[in-house]
Amino acid sequence: MTSAVAAEARGSWFQEKILLGMRPGEYLRSLLTPFNGVAAFICMVGVPLLLYRFYAGLGATTNLSQTQPWGVWIGFDMMTGIALAAGGFTIGAAVEIFGLEEYHAIERPAILTGFLGYLMAVVGLIADLGKPWNMVQIFAQNGTRSVLFEVAWCVVCYTLVLSLEFAVPFFEWLGLRRLYQPLRKILLALTVLSVMFSSMHQSALGSLFIIAPGKLHPLWWSPWIFAFFFITAVIAGISMVIVESSISHRIFASQLRGHHVDADALTIGLGKAGAVVLFAYFFLKLQGVIDNHAWGYIGQGFLGKWWLVEMLGFVLLPSLLYAWGARHRRADVVRVAGVIAVLGIILNRVNVSMVAWDYENPDHYLPSWMELWVSLTLVTIGVLAFRWIVLRMPVLREPADLAAEH
Amino acid sequence: MKMRRRTFLKLAGAAGAAAAGTQARAAFGDAAGAGESSVLVDTTLCVGCRACEAACAEANRLPEPPAGDRVLDQVRKTSPTSLTVVNRFEAPDGGPRFAKRQCMHCVEPACASACPVRALDKLPNGPVTYHPERCMGCRYCLVACPFEIPKYEYAKAVPTVKKCTFCAARQAQGLAPACTSVCPSGALTFGKRGALLEEAKRRVYGSPGKYVHHVYGEHEAGGTNWLYISDVDFSRLDLKVTVADASYPQLVKGALGVPPFVMTLWPPLLMGIYAFSHRKREVASREGGKQGGGEASHD
Amino acid sequence: MTGHEFLSTYPAKLLEYTLGVGYLLLFIPFWRYVRGGQAVRVAATARRAVRAAGATATSWFTVPDGVLLHPGHTWARPAGDGLVEVGLDDFAARLLGPVERMGLPPPGSAVAQGSPALLARDGDKLVPLVSPVDGTVAEVNPAVEREGAWQEEPYGAGWLFKVRPTRLPSNARQLFSGAAARRWLEQAGESLAARAAPRLGAVLQDGGAPVPGIARELSPERWDELCREYFRS
């Protein structure tokens, strides 16, 4: 590169890095899309709502009660968010540990989804805690008998690991070779740690409920609930990556210019894994119900039937769809199965924390509109952050130096 | 030192009680939490005066409970401003029965084991106390308690958890809890768990037709320090009878063992898989011929 | 545990074991069902056939140093005086074969990286090719009218047009050069090989003799679609 060209490159760093190479006016105009409009509206209501919650307290903004202490912010934002962010460790493990190099192309988006998912889960948690500034007490007190102690420590450690993993494309974007080179070298260690920490806290989120057998419906409560939560996290990881990559590859096709990814082949491969794991999970849940002597509850009353809806419609069905789609090389069918599986994981976490919880209470919990709106805002911010990062950093596309090294 | 008659009698009584206590300890010494502070609630003796509520509110600087008997028309639960409530129920013979509700101060408290920052903590002498300066408001204690006792101050911007703390400060000074020290009818007896269990059984078996043959709190949740005896079914007194007869924190023991297990087992397991798959790739690329040379080994 | 509870565990455990055995019996056919299917095996055989033929894809298509290659098989090379030469690569030239007319963008028009800028036309078949850089077209190569210039010398006299680039540094990050470019063409060759190994080996090992476009060999009816696939247009 001539020095003139290099000078030009330096001078417009902000324009190139932040404004996608457009002039400020041009860039702002490019932001005027319907999607952005809706997202802005959601955030303009949601962010003040969040601040209002800190000002006015939980009673004024949520429908939480003495018998329903955990609502949407814990049940959905934290628990479901963490489950759906499991793609980071599943694909990371697939590529770095199991050696399935062909999934390399979707490893970084999965890690990014994981990183943003955990960040948003933590924000949701902070919104829910009565005195979030006392979170530091986790490190000051010996609360080791508590499952929540382990969850908190693990989530902190894992978010650190994720941020180190995400730091690689971040520093590549900034061209800071001295920072990303050493991080790339320890990627294997980071991946082992990420699988380890994820296994620990994904399962521990389920263990939280072991202490309350009388309050969680017998079809969902089990002393083995930690195994169920871990396996559904793996399912969530696989399925979210299928869904996220099919959306990303369509919307961010510009990032894939210069980079050939056979998304269909990868989707079908993931579909095979999803089929088998969902199949095993279906039978595992049955074993759990029998172990708990709870088969009599199946089909009885609303919750007995709702359990069947969850198991047959959102576990068995996606398993069979995955199987059929993978066998017949139908990536579109696999994607549909992926969506159903993701909905199934959301349903499971929502059921355990809210629907099947405090089930004998006639006064049932329904979230307030403010709780729902704040949740929606957090999801929207996560999506916007994902898009901002993917359009600028080498997440979907190869980093320049790696492409040249090949 | 000169000893006065009253003091002598007190000492003699204490010695006798101690002897009886030793005997009680021998019989119930292996009972869980035998040496912990405990209260025996005899609902046949409670007249519903609610002096205990007033004393509790005064000792904890809470608003005065509503006066008069109209309040007894509704079955109340404890709340952030009333750490104990007395409810009225109807017995089969048509007469009223009263039952005091408050924290059960379990021998193995689910709430304290659940609290990740030890804001709820068990004192060795029995009370389950609360440290608001540690509490981060996660409300896991509300999730855990099988008696649904902890109450959260949802209405406040800086909320804390509210429940009876067994007047731990008073107990540290050698005093009885506020509620037991004002009870006029003797429905509340403060003592050590082992001795009170013996007393409870003595009353139950001493008047066979009168009491229900069960000491509520002997085994519930693995044993609680607030023990109840009654002449009507406990379920009629708004006491949860579906509480398991085992310690709730013990339920979690197996699951608590999983994370350290994973920390130990996963690294060698994962590295073994890595080494195995890495070796397979090396072998494959060598067999792949000239083309294979391009495969960089990413570490 | 009361005696009744103790005894009730027996039927539960029996049920669990039965379910476990039933599950294992179901798992075997399920696994085979999911893993069944054919597409993967075909590609593998094709690749093995190519290797057996002894040819290596590296020798099929070439790209010189100094050229920035776009994955859509067009290239850019700074030409001095601020302009950038643009052409199509060896792979594109041989995939396409001779065409009736190569439509070039008029001087002064804007081109964008990854967007179609050239149009090859043969009969009723149209094959667009994309521009490797952003910029304004400064001049077109008059020699393009002379048929075969870009066929014989795709990197030299066969350049197609020159562009005044607007974002060369950031465009360059999306382009291959040197070893990466050679590898890209190698992959393109392997991908062709997977389509029909035996005939292709013979066609390419011919070397030198003019052949009609490879695309027409592989897919006489739909060669334009085949080209568009590789040219990202």
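Placed above this text is the structure.
Residues numbered from 1 in each chain as written. Chains lettered and ligands numbered in written order. Predicted model: local features only at pLDDT ≥ 70, side-chain atom pairs only at ≥ 80, totals over all residues. Heavy atoms only, no water.

Chemist: Honestly, the overall build of chain C in this entry has me stumped. Any pointers?
Modeler: A count of helical and extended segments in chain C gives nine helices and nine strands. Per-residue burial for chain C yields a buried fraction of 47% across its 233 residues. Here the analysis covers contacts within chain C between residues at least 6 apart in sequence; of these, 67% occur between residues at least 24 apart. Total accessible area on chain C is roughly 11800 Å²; 57% of this is exposed by carbon and sulfur atoms. (Helix = DSSP H or I, 4+ residues; strand = E, 2+ residues; numbered from the N terminus. Buried < 20%, exposed > 50% of the residue type's maximum accessible area, 1.4 Å probe, protein only. Contact = heavy atoms within 4.5 Å. Areas by Shrake-Rupley, 256 points an atom, 1.4 Å probe, with all protein chains shown as cover.)

Chemist: Explanation requested: the overall build of chain A in the structure shown.
Modeler: Within chain A, the regular secondary structure consists of 18 helices and zero strands. Rg of the C-alpha trace for chain A: 22 Å, near the compact-globule value of 22 Å for 406 residues, within the 12% margin. Seen along its three principal axes, the alpha-carbon backbone of chain A occupies a region of about 75 × 55 × 45 Å. Residue burial in chain A is summarised as follows: out of 406 residues, 59% are buried. Intrachain contacts of chain A at a sequence separation of at least 6 include 79% that bridge at least 24 residues. Put simply, chain A shows about 15800 Å² of open surface, and 71% of that area lies on carbon and sulfur atoms. Charge centroids of chain A, computed over 26 positive and 25 negative side chains, lie 4 Å from each other. (Rg over C-alpha atoms; globule rule 2.2 N^0.38 Å. Lys, Arg positive; Asp, Glu negative; His and termini not counted. Charge placed at Lys NZ, Arg CZ, Asp CG, Glu CD.)

Chemist: Honestly, the interface of chain A and chain B in this entry has me stumped. Any pointers?
Modeler: Reports often express the size of an interface as the amount of accessible area lost when the parts come together. Taken together, the contacts link 57 residues of chain A with 53 residues of chain B. Counting the surface lost from both chain A and chain B, the interface buries some 4900 Å², and carbon and sulfur atoms represent 65% of this. The interface formed by chain A and chain B holds one salt bridge in total. Two residues, B:Arg139 and A:Asp128, come together in a salt bridge whose shortest N-O distance is 2.8 Å. Counting across the interface, chain A meets chain B through 21 residue pairs in polar contact (both at pLDDT 80 or more). Looking at the side of chain A that touches chain B, the elements that each hand over two or more residues are helix H4 (34-56), helix H5 (58-61), helix H7 (87-97), helix H9 (137-140), helix H10 (147-174), helix H11 (177-185) and helix H12 (187-207) of chain A. Ranked by the residues each element gives to the side of chain A that touches chain B, the list is headed by H12(A), at eight residues. Split into classes, the residues belonging to the side of chain A that touches chain B amount to 29 nonpolar, 18 polar and ten charged. (Buried area = accessible area lost by both parts, 1.4 Å probe. Salt bridge = Lys/Arg side-chain N within 4 Å of Asp/Glu carboxyl O. Polar contact = N/O pair within 3.5 Å; in protein donor to acceptor, adjacent residues only side chain to side chain. Nonpolar A, V, L, I, M, F, W, Y, C, P; charged D, E, K, R; others polar.)

Chemist: Can you walk me through the pairing of strand S2 (residues 85-90) of chain B in this structure?
Modeler: If a strand is regular, its side chains alternate between the two faces of the sheet. Here six bridges tie S2(B) to strand S3 (residues 96-101) of chain B, and the two strands are oriented antiparallel to one another. Bridge pairing in S3(B) links B:Asn87 to B:Ala99. (Pairing = 2+ DSSP bridges.)

Chemist: Just to check I follow, could you spell out the environment of B:Gly137 for this structure?
Modeler: Within the secondary structure, B:Gly137 sits in the loop between strand S5 (128-130) and helix H4 (140-144). Relative accessible area serves as the criterion here: at 1%, B:Gly137 is assigned to the buried category. For the pair B:Gly137 and B:Pro259, spaced 122 residues apart in sequence, the C-alpha to C-alpha distance is 24 Å. When residues no more than four places from it in sequence are discounted, the contact partners of B:Gly137 are A:Asp128, A:Leu129, A:Gly130, A:Lys131 and B:Tyr152.

Chemist: Quick question: what am I supposed to make of the packing of aromatic side chains here?
Modeler: All names here are of chain A. Counted under the stated rule, the structure contains 35 aromatic pairs over all chains. With 6.3 Å between their ring centres and 20° between their planes, phenylalanine 89 and phenylalanine 230 make a pair best called stacked. Residue phenylalanine 89 is located in helix H7, and its partner phenylalanine 230 is located in helix H13 (residues 225-251); the two are separated by 141 residues in the primary sequence. On the accessibility criterion, phenylalanine 89 (4% relative accessible area) is buried. A ring pair is formed by phenylalanine 115 and phenylalanine 166, whose centres lie 5.0 Å apart and whose planes are at 20°; its orientation type is stacked. Of this pair, phenylalanine 115 sits in helix H8 (residues 104-128) while phenylalanine 166 sits in helix H10, and the two are 51 residues apart along the sequence. Since its relative accessible area comes to 11%, phenylalanine 115 is described here as buried. One aromatic cluster is present, built from ring pairs that chain together Trp13, Phe115, Phe166, Phe170, Phe171, Trp173 and Trp388. Lying over the aromatic face of phenylalanine 54, arginine 53 brings its terminal NZ or CZ to 4.5 Å of the ring centre. For arginine 392, the ring lying beneath its charged end belongs to tryptophan 388, and the centroid distance is 4.1 Å. (Phe/Tyr/Trp six-rings, centres within 6.5 Å; stacked < 30°, edge-to-face > 60°. Lys NZ or Arg CZ within 6 Å of the ring centre and 35° of its normal.)

Chemist: It is not clear to me how the packing of H7(A) against H12(A) should be interpreted in this structure. Could you clarify?
Modeler: Think of two packed helices as two axes; the pair is described by the angle between the axes and how far apart they sit. All names here are of chain A. Interaxial distance between H7 and H12 falls to 9 Å at its minimum, and their mutual angle equals 145°. Considering only the axes of H7 and H12, their crossing is left-handed. Contact residues: Phe89, Gly92, Ala93, Glu96 and Ile97 in H7; Leu187, Leu188, Thr191, Val192, Ser194, Val195, Ser198 and Gln202 in H12. Considered class by class, the residues forming the contact of H7 with H12 number seven nonpolar, five polar and one charged. (Axes fitted to C-alpha atoms, helices over the stretch in contact; angles between N-to-C directions. Left-handed = near helix turned anticlockwise from the far one by under 90°.)

Chemist: Even after reading the chapter, I still don't get the sheet that holds strand S1 (residues 37-42) of chain B, so can you show me in this structure?
Modeler: Across a sheet, strands are paired by hydrogen bonds formed along the backbone, either parallel or antiparallel in direction. Residue and element names in this part refer to chain B. A sheet is described by the order of its strands in space; here three strands give the open sequence S8-S1-S9, paired in mixed fashion. For this open sheet the edge positions go to strand S8 (188-192) and strand S9 (226-229), each flanked by a neighbour on one side alone. Taking the axes of each pair of neighbouring strands and ignoring which way they run, one obtains an average angle of 25° across the sheet. Here S1 runs beside S8; their pairing, made up of five bridges, is antiparallel. Across the sheet, residue serine 37 finds its bridge partner in S8, namely lysine 192.

Chemist: Explain the packing of H7(A) against H13(A) to me, please; I cannot follow it from the model alone.
Modeler: Residues and elements named next belong to chain A. Running from N to C, H7 and H13 cross one another at 80°; their axes reach a closest spacing of 8 Å. In terms of orientation, H7 lies roughly perpendicular with respect to H13. On H13, the residues that touch Gly87, Phe89, Thr90 and Ile91 of H7 are Phe230, Val234, Gly237, Ile238 and Val241. (Parallel < 35°, antiparallel > 145°, perpendicular 65-115°, else oblique.)

Chemist: Is there a simple way to explain the sheet that holds strand S8 (residues 135-140) of chain C in this structure?
Modeler: All names here are of chain C. One open sheet holds the six strands; their spatial order is S1-S2-S3-S9-S8-S5, and the pairing between them is antiparallel. Each edge of the open sheet is held by one strand with a lone partner, namely strand S1 (68-69) and strand S5 (110-111). Where strand S2 (residues 74-80) and strand S3 (residues 83-88) come together, six bridges link them in antiparallel fashion. The partner of tryptophan 75 across the bridge, within S3, is glycine 87.

Chemist: Would you mind showing me how to read the environment of B:Thr165 here?
Modeler: Residues and elements named next belong to chain B. Within the element layout of this structure, threonine 165 appears in the loop between strand S7 (161-162) and helix H5 (168-172). Classification of threonine 165 as partly exposed rests on a relative accessible area of 21%. With 35 residues separating them in the primary sequence, threonine 165 and tyrosine 130 have C-alpha atoms 7.1 Å apart. The residues contacting threonine 165, other than those within four sequence positions of it, are Asn60, His105, Pro127, Val128, Thr129 and Tyr130.

Chemist: For this particular structure, what's the right way to read the pairing of strand S6 (residues 116-122) of chain C?
Modeler: All names here are of chain C. As paired strands, strand S4 (residues 101-103) and S6 are joined by three bridges and run antiparallel to one another. Bridge pairing in S6 links arginine 101 to arginine 121. Inspection of the sheet shows S6 paired to strand S7 (residues 125-130) by six bridges, in the antiparallel sense. When the sheet's bridge partners are listed, leucine 118 is paired in S7 with leucine 129. Where S6 folds back onto S7 in an antiparallel hairpin, the turn is made up of two residues, including glycine 123, whose phi is positive at roughly 65°.

Chemist: Just to check I follow, could you spell out the pattern of salt bridges for this structure?
Modeler: Side-chain pairing between opposite charges can occur once the charged atoms of the two side chains come close. Applying the stated criterion across every chain, the model contains 29 salt bridges over all chains. One salt bridge in this structure joins B:Glu199 and B:Arg203, with 2.8 Å as the shortest N-O distance. One end of the pair, B:Glu199, and the other, B:Arg203, are both in helix H7 (residues 193-206), four residues apart, so they sit about a helical turn from each other. Ionic pairing is found between C:Glu16 and C:Lys13, a salt bridge with its closest N-O pair at 3.5 Å. Here C:Glu16 and its partner C:Lys13 are both found in helix H1 (residues 3-35), three residues apart, which amounts to about one turn of the helix. Judged by its relative accessible area of 14%, C:Glu16 is buried.

Chemist: For this particular structure, what's the right way to read the side chain of C:Lys162?
Modeler: Within the element layout of this structure, C:Lys162 appears in strand S9 (residues 161-165). This buried residue, C:Lys162, is left without a salt bridge; C:Glu139 holds the nearest opposite charge, at 4.2 Å.

Chemist: For this particular structure, what's the right way to read a nonpolar patch on the surface?
Modeler: All names here are of chain A. Where nonpolar side chains cluster on the molecular surface, the patch consists of Val136, Phe139, Trp153, Val156 and Leu160 and spans about 470 Å² of accessible area. Per-element accounting of the nonpolar patch gives the leading share, three residues, to H10. Looking at the element boundaries, leucine 160 is found in helix H10. (Patch = residues over 30% accessible without salt bridge, like charges linked within 9 Å, V, L, I, M, F, W, Y side chains within 5 Å.)

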